[in-house]
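# Tertiary structure, described
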Amino acid sequence: MKVFNLRCGAHHSFEGWFASEEDYANQTERGLLECPLCGDKAVHKLPSAPRINLGAKPSAAIAGPSEPARADVQDGNATAVEAAGADSLRALQAAYLQFARHVAQQTEDVGERFAEEARKIHYGESEERGIRGKTSPKEAEALMEEGISVMPLFLPEGIEGPLQ
């Protein structure tokens, strides 16, 4: 199993798991890869360093209990700040995906019938429930003028199923 660090054209970073390098290349050629946050299909692999196990010897990079790790001292804490920023970004992405899954699980997808179904619910012609779907910006504006609350929200494809 190969795990690659990937990035989309909008600079969202995420992992992809593939059976082999060839599997990654095949999925890329067929246009099957897309960003789980924005759906961008312009996904590319980031450079990564291989990990080689040379035995069970403790690494010199791991600080002992009496000596804290000081990797950030030489570059004025830049490494620690970058790591904290990357961790924050990953946490935000994870929270967004969790939110998107929750929305998908708690609402009914009415597709292109969104505006029609929203009006039926608003005017009591259909049972009240949470819905999601697609509509044009013009139609969304018309719904809001009628007093119907709508909110644009991007939900990645396949959000209802497991994301690998």
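Sequence order as written defines the numbering, with residues in each chain counted from 1. Residues qualify for local features only when their pLDDT is at least 70, as the model is predicted, and side-chain atom pairs are given and counted only at 80 or more; totals for whole chains, interfaces and linings, by contrast, use all residues. Remark: hydrogens and water are excluded; side-chain values derive from all non-hydrogen atoms of the structure.

As named in an unreviewed UniProt entry, the protein is DUF1178 family protein, taken from Hylemonella gracilis.

### Some thoughts on the side chain of Glu117
Secondary structure elements follow DSSP: runs of H or I of four or more residues count as helices, runs of E of two or more count as strands, with numbering from the N terminus. Checked against the element boundaries, Glu117 lands in helix 3 (residues 114-122). Not counting the four nearest positions on each side in its chain, Glu117 is found in contact with Val110, Ser126, Arg129 and Ile131. A contact between two residues is defined here by any heavy atoms of the two lying within 4.5 Å.

### Description of the nonpolar core
Note on soluble globular proteins: their nonpolar side chains tend to be buried together. Buried Ala, Val, Leu, Ile, Met, Phe, Trp, Tyr and Cys residues that are joined via side-chain atoms within 4.5 Å together make up what is termed a nonpolar core. Burial here depends on accessible area, computed with a 1.4 Å probe over protein chains only, as a share of the maximum for the residue type. Under 20% is buried, over 50% is exposed, and the range in between is partly exposed. Grouped together as the largest cluster of nonpolar side chains are 14 residues, with contacts concentrated most on Leu6, Phe14, Phe18, Tyr24 and Val43. Mapped onto this core, the elements with two or more residues apiece are strand 1 (2-7), strand 2 (13-18) and helix 2 (78-106). At three residues, the largest contribution of residues to this core is made by helix 2. In this structure Leu6 touches His12, Ser13, Phe14, Glu15, Gly16, Phe18, Tyr24, Val43, His44, Lys45 and Leu46, once residues within four positions along its chain are discounted. With 10 residues, the next largest nonpolar core counts Ala140, Leu143, Ile148 and Val150 among its residues.

### Notes on the sheet that holds strand 3 (residues 44-45)
Sheet architecture is open: three strands sit in the order 2-1-3, paired in antiparallel fashion. Two strands bound the open sheet, and with one partner strand each, they are strand 2 and strand 3. One requirement defines pairing of two strands: DSSP has to find at least two bridges between them. Sheet analysis places strand 1 next to strand 3, joined by two bridges and oriented antiparallel. The residue of strand 3 that forms the bridge with Leu6 is Lys45. Under this scheme, a helix contributes an axis fitted over its contacting stretch, all axes are lines through C-alpha atoms, and angles between N-to-C directions fall in the 0 to 180 degree range. Against the sheet, helix 1 (residues 21-29) touches strand 1, strand 2 and strand 3, its axis set at about 35° to strand 1.

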